[in-house]
Amino acid sequence: MSAHRRPFSNRWLAAGGAAVLAGIIGVALLLQTGGSACAAPPSTSAKSGKATFYDLAGTSGNCSFEVPADDLYVALGPDQYAAGASCGAYLDVTGPKGKVRVKVFDSCPECDTGHLDLSRTAFKKIGAEVAGIIPITYKLVANPSVPGPVTVRIKEGASQYWFAARIDNHANLLSSVKVSSGGGSFKTAHREDYNYWLIDSGAGSGPYKIKITDVYGNSTTVSGIDMKPGVVQKTSASISGGSSTVEKATTTKAKTTASASASPAAKKSSPATKPTTVAPSASSVAPLLESAPAAPGTTEDALVNLTAADATKPNCG
């Protein structure tokens, strides 16, 4: 088991991490369907692997989320963390003692594909803590229940000239985030590996409309998002299963964490996911290593096996 979660760093990249990510991107490009630059839906097959556990070092994982209230979360290795694209997805993990549902919350640079590093709380639900390592099967959950509606957190250091926002409670993997200010046209944001969506040239002074789309084409547009760095702005919107438009967000002050620093320090990698109430459409999410499409109209779990190519893809949504 790992005692601490070590974030990706420039040192890791210099030591060969960049080459690993480049290889993952190459695999992703080869697996595109019909030569398209857009990803296929996730596989619905279960995967076998192993699980360890760790105790969080600090107050936040590499996805820049607050710790879930139930303390059930997981860190993924570089290929499955996929430069942050997996952040906010949910996995059902089955071990010797049963099954637990965990939120993708962190990265595990030393973990290979299929090695899930669980929170201690999650691990104890499916295996004996003394074992340290247990065999598991795991699946990505399509359209999972989430603790509440979509929230938006503007990053410290953001301004009208540099936009950065974290989206939470989106249920399924996201394919795109677009931002409009003051009735202007939408600009497409790109996701960093620490799970903030950035527009480097800025998006204006706000208030903002933010259109959030998942990998199945479900979307919601939240309005009334203000330039209030460090504040979690709650909406009444949900994404999975359909579209909705919300006119105004409410705000609550968020705790300042190590993951919410004013400068965009590298955090982790990124994948993509999709609900099943809407027929899967091509999207700009990272292709999956297993890209067999899920059957339309189901709520069956889809397997997580994500890659780090999300940031290199055009927006297909």
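What comes next concerns the included structure. Owing to the predicted nature of the structure, the values given are computational and were not obtained by experimental measurement.

Calculation notes
Per chain, residue numbering runs from 1 following the sequence as it is written. Local features in this predicted model are restricted to residues of pLDDT 70 or higher, and side-chain atom pairs are both shown and tallied only at a pLDDT of 80 or more, whereas totals for entire chains, interfaces and linings draw on every residue. Side-chain descriptors were evaluated using all non-hydrogen atoms of the structure, hydrogens and water having been removed beforehand. Defined by distance alone, a disulfide is two cysteine sulfur atoms within 2.5 Å. Relative accessibility under 20% of the residue-type maximum defines a buried residue, over 50% an exposed one, and the middle range a partly exposed one, all with a 1.4 Å probe and only protein chains included. Only runs of H or I of at least four residues qualify as helices and only runs of E of at least two qualify as strands under DSSP, and these elements are numbered from the N terminus. A contact between two residues is defined here by any heavy atoms of the two lying within 4.5 Å. For two strands to count as paired, DSSP must find a minimum of two bridges between them. Every angle, taken between N-to-C directions, lies between 0 and 180 degrees, and every axis is a line fitted to C-alpha atoms, over only the stretch in contact when it is a helix.

## A closer look at the state of the cysteines
Counted under the stated rule, the structure contains 2 disulfides. Here C108 pairs with C111 through a disulfide, and the sulfurs are 2.0 Å apart. Since a negative S-S torsion denotes a left-handed disulfide, the C108-C111 link at about 60° is right-handed. With respect to class, C108 is no different from C111; both count as buried.

## Observations regarding the environment of K124
Summarising the element assignment, K124 is placed in helix α3 (residues 120–126). Note on K124: relative accessible area 42%, which makes it partly exposed. Distance in space between the C-alpha atoms of K124 and G98 is 10.0 Å, their sequence separation being 26 residues. Setting aside residues no more than four positions away along its own chain, K124 makes contact with K97 and E129.

## Quick look at the sheet that holds strand β2 (residues 73–76)
If you trace the 6 strands once around the closed barrel, you get β1-β5-β2-β4-β3-β6, paired in mixed fashion. Each strand axis lies, on average, 45° off the axis of its neighbour in the sheet, ignoring direction. With 6 bridges connecting them, strand β3 (residues 90–95) and strand β4 (residues 98–107) associate as antiparallel partners. Within β4, the position partnered with T94 by the bridge is K99.

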